[in-house]
Amino acid sequence: MEYSVVVVAAGSGTRMGAAQNKLFLPVAHHPLAYWTLATVAHLRECTQVVLVTTLAERSRFLELAQQAGLHALLWAQGGATRFESVLAGLAALPAGQALVLVHDAARPLASPALFDRVAAQAAASGAALPVIDVRDTVKQVENGHVKQTLDRTQLALAQTPQGFRTSLLIAAMRQAQQRGGTCTDEAQAVEAFGGEVTVVEGERQNLKVTYPEDLRLAEALLGGGSLQLPRVGHGMDVHRFVAGRPLWLGGVLVPYERGLQGHSDGDAVLHAAIDACFGAAGLPDIGRHFPPEDPHSAGISSRTLADAAVAELWERGWRVAQVDITVITEAPAIAPYAAQIRDSVAQVFRLHVDDVSIKAKTAEHLGAVGRGEALVALAIAVLVPFSD
Ligand code: CTP
Ligand code: MG
């Protein structure tokens, strides 16, 4: 079910009381509107996006859209009211778009499934409105006194995205405009036009960020939300044993007659753990970060490489939460040093020791590792968003 999306972002956020448009306020490491645009960027069935902003904020929003992965989008200049902004967005829509969804940029938590659900219902019945039920008792209040209690079972709270057959929405909005009326949402224009609006199930977490406390709620929900799940990566490293080198494992000097060959100190355990972290963050491997051709890195301690890796992950908003390591070697026996290696790895990755595991195996005399020619290290790392 293909559809277009109009995202309205031309408000000023007066109720937020910030010095700038609320849509640029930081939530979970990004401006609020980034999250909305990132969700829209990931809608598989969405064929066109119109972003409505003020002229003054146009370039800032277009840059944000790029960062969020929205590369092809149309722009329209918003008006003094949300109603005018939606009209401007619809006017910018190319011909031939059968279905259109209108969405508030101030709702960063609407899920892709909600967009698809609304679009499917709009295609079936012409107009679809996501709603949630009213949990609190609702009072009609006048001059500081309760006038009456309303029957909440007959009430529902409207959300966006709201979906429509494009021709129906445009006709309804034009009529509302001619009548000089304003609507706070599009469904209202369709209702006044005599159209049927079908409700679909909304999402309780799909809050409209309006007041400062909403920012904290959105932060909490996005921090643990689908876009910020923990990430898992794995890494492995093999180094050949050679005579005349110290054996470094996990930042610990292990007494042995040979050491691991390598451009750096050859610490296969730290290399595997670093690669697991880079993998979890979707980054290239250790060799691309610290090229062996670099003369400055000859003989470098792998703890220094790990420090640089942790710093890079922090800059990207990731914290290492867990590292699990397996060492495969015929000799030396790792068990006597496992606790020391575990402490060291915990220190390097800023972890509690309980969040690190060091396990060792032999290769049962099989292959090069079994003949004692090399050591293999395997690692899995878990990263979590820094706010967690
Ligand atoms: N909006 C718009 N054009 C307007 C007013 C609002 O595009 N003239 C957009 C807002 O940017 C927001 C959405 O409509 O994404 C919902 O509006 P609201 O949450 O009320 O945002 P603001 O109008 O910016 O906030 P406030 O009412 O507190 O000033
Ligand atoms: Mg408003």
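Residues numbered from 1 in each chain as written. Chains lettered and ligands numbered in written order. Predicted model: local features only at pLDDT ≥ 70, side-chain atom pairs only at ≥ 80, totals over all residues. Heavy atoms only, no water.

S.K.: Break down the packing of aromatic side chains for me, citing the residues and quoting the values.
M.R.: Taken as a whole, this structure holds 3 aromatic pairs when the rule is applied. On the numbers, 4.5 Å between centres and 40° between planes, the contact of Phe24 with Phe61 is tilted. One end of the pair, Phe24, is in the loop between strand S1 (3-8) and strand S2 (26-27); the other, Phe61, is in helix H2 (residues 58-67), with 37 residues separating them in the sequence. The exposure class assigned to Phe61 is buried, which follows from its relative accessible area of 0%. Arranged with centres 5.3 Å apart and planes meeting at 85°, the rings of Tyr34 and Trp35 form a pair that is edge-to-face. Residue class for Tyr34 comes out buried when judged on its relative accessible area of 14%. Taking the relative accessible area as the measure of exposure, Trp35 reaches 2% and is therefore buried. (Phe/Tyr/Trp six-rings, centres within 6.5 Å; stacked < 30°, edge-to-face > 60°. Helix = DSSP H or I, 4+ residues; strand = E, 2+ residues; numbered from the N terminus. Buried < 20%, exposed > 50% of the residue type's maximum accessible area, 1.4 Å probe, protein only.)

S.K.: Just give me the short version of the domain arrangement of the protein chain, but keep the residues and values in it.
M.R.: Partitioning the protein chain into structural domains gives domain 1 (3-222) and domain 2 (231-385). Taking only C-alpha atoms into account, the centre of domain 1 sits 49 Å from that of domain 2. (Domains from an automatic or database assignment.)

S.K.: Outline the pairing of strand S13 (residues 231-243), listing residues and values.
M.R.: One ladder, built from 10 bridges, connects S13 with strand S19 (residues 374-385); its direction is antiparallel. Within S19, the position partnered with Val238 by the bridge is Val376. Two elements, S13 and strand S16 (residues 258-260), share 3 bridges in a ladder whose sense is antiparallel. Bridging across to S16, Ala243 finds its partner in Arg258. (Pairing = 2+ DSSP bridges.)

S.K.: Before we move on, could you go through the site of ligand 1 and cite the residues and values that matter?
M.R.: Around ligand 1 there are 19 residues in total, and Val8, Ala10, Gly13, Thr14 and Ser85 lie nearest to it. One of the backbone N or O atoms of Gly13 is found 2.8 Å from an oxygen atom in ligand 1. A distance of 2.8 Å separates an oxygen atom of ligand 1 from a polar atom in the side chain of Lys22. If ligand 1 stood free it would expose 560 Å²; the protein chains cover 90% of that surface. Because more than half of its atoms lie within 2 Å of the grid, ligand 1 is assigned to the largest pocket. Here the shell around ligand 1 is composed, by residue class, of 7 nonpolar, 7 polar and 5 charged. (Near = heavy atom within 4 Å. Polar contact = N/O pair within 3.5 Å; in protein donor to acceptor, adjacent residues only side chain to side chain. Areas by Shrake-Rupley, 256 points an atom, 1.4 Å probe, with all protein chains shown as cover. 1 Å grid on protein atoms, 1.4 Å probe; cavity = no way out; pocket = protein on both sides within 12 Å on 5 of 7 lines; lining within 4 Å. Sits in = over half its atoms within 2 Å of the grid points. Nonpolar A, V, L, I, M, F, W, Y, C, P; charged D, E, K, R; others polar.)

S.K.: Account for helix H7 (residues 212-223), naming residues and giving values.
M.R.: Given a rise of 1.5 Å per residue, 12 residues ought to cover 16 Å, and the 17 Å separating the end C-alpha atoms of H7 matches this to within 8%. If you check which residues of H7 are buried, you get Asp214, Leu215, Ala218, Leu222 and Gly223. The buried residues of H7 all sit within an arc of 160° when viewed along its axis, so they share a single face. In this structure, H7 carries Arg216 and Ala220 as exposed residues pointing more than 90 degrees from its buried face. (Expected span 1.5 Å × (residues − 1). Arc of directions from axis to C-beta.)

S.K.: For the packing of helix H3 (residues 82-91) against helix H5 (residues 166-178), give the residues involved together with the corresponding values.
M.R.: For the pair H3 and H5, the least separation of the axes is 11 Å and the interaxial angle reads 140°. The pairing of H3 with H5 is recorded here as oblique in orientation. H3 and H5 meet at a crossing whose hand is left-handed. Of the residues in H5, those in contact with Phe83, Val86, Leu87 and Leu90 of H3 are Leu169, Ile170, Met173, Ala176 and Gln177. Its residues placed into classes, the contact of H3 with H5 shows 8 nonpolar, 1 polar and no charged. (Axes fitted to C-alpha atoms, helices over the stretch in contact; angles between N-to-C directions. Parallel < 35°, antiparallel > 145°, perpendicular 65-115°, else oblique. Left-handed = near helix turned anticlockwise from the far one by under 90°. Contact = heavy atoms within 4.5 Å.)

S.K.: Give me the lowdown on the environment of Leu25, citing residues and values where you can.
M.R.: Of note, Leu25 is situated in the loop between S1 and S2. Here the alpha-carbon distance between Leu25 and Leu215, two residues 190 residues apart in the chain, equals 8.5 Å. When neighbours within four sequence positions are excluded, Leu25 is seen to be in contact with Met16, Ala18, Gln20, His30, Pro31, Leu32 and Leu215.

S.K.: Describe the packing of helix H1 (residues 32-41) against H2, naming the residues involved and giving the relevant values.
M.R.: Between H1 and H2, whose axes approach to 9 Å, the crossing angle comes to 50°. The angle between H1 and H2 falls in the class oblique. The hand of the H1/H2 crossing is right-handed. Taking contact as the criterion, the partners of Ala33, Tyr34 and Leu37 in H1 are, on H2, Phe61, Leu64, Ala65 and Gln67. Residue classes in the contact of H1 with H2 are distributed as 6 nonpolar, 1 polar and no charged.

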